[in-house]
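# Topology and contacts: notes
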Amino acid sequence: TSLQVQQEKGQLEKELKEARESLEKLKEDQVRVVEEHRRAEERVKEVESDLADMTSHSNHKQKIHQHLKLKGEREALKEEVGKVNEEKRRLEKMLARMKDELKRVAKKAGLAPGEVDLDEEEKLKRELEAKDFELECMTKQLQSLTHNIILVA
């Protein structure tokens, strides 16, 4: 039974890691979608501004042509904004489901809901990576010193 418990714990830890990775990916996707949405909205405002400027155009045919062109571009951009908004909503729903799944896996692994702090975990992970890099640099220095000592001896 101890082996089964260890295997189940290992499986739960694997699921927890996968859930955390999925959650991070979703957060990145959400940031990307929000940025795309912001850019699309800015472009819609630019097109609307251009459209307003064109109403004062002197050549009537040019004015109509430009108006139709800008109107088409505006509609395309509105459609793009709609798609980005839909993608944002989809990602927000997926993010919520992943958070729920993460809580479920953490609970199954015997962790209290408050014990899973992704921000703190990410901070600790970055600190660990920095320490690993520092250790790697020190190891290289030690190897270099050892090599120099061997050369001198």
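Everything numeric here is computed off the predicted structure, so don't read it as measured data. (Residues numbered from 1 in each chain as written. Predicted model: local features only at pLDDT ≥ 70, side-chain atom pairs only at ≥ 80, totals over all residues. Heavy atoms only, no water.)

## Quick word on the overall build of the protein
- Check the secondary structure of the protein and you find 3 helices and 0 strands.
- Ordered by position in the sequence, the α and β elements of the protein form the string α-α-α.
- Expressed as a percentage of its 153 residues, the buried residues of the protein come to 18%.
- By sequence separation, contacts in the protein at least 24 residues apart represent 82% of the contacts at least 6 residues apart.
- Summed over its atoms, the accessible surface of the protein is roughly 11900 Å², and 55% of this surface lies on carbon and sulfur atoms. (Helix = DSSP H or I, 4+ residues; strand = E, 2+ residues; numbered from the N terminus. Buried < 20%, exposed > 50% of the residue type's maximum accessible area, 1.4 Å probe, protein only. Contact = heavy atoms within 4.5 Å. Areas by Shrake-Rupley, 256 points an atom, 1.4 Å probe, with all protein chains shown as cover.)

## Re the pattern of salt bridges
- By the definition in use, this model includes 10 salt bridges.
- For Asp29, the salt bridge goes to Lys25, with nearest N and O atoms at 3.0 Å. Note that Asp29 and Lys25 are positioned in helix H1 (residues 2–54) at a spacing of 4 residues, about one turn of the helix.
- You can call Lys25 partly exposed: its relative accessible area is 46%. (Salt bridge = Lys/Arg side-chain N within 4 Å of Asp/Glu carboxyl O.)

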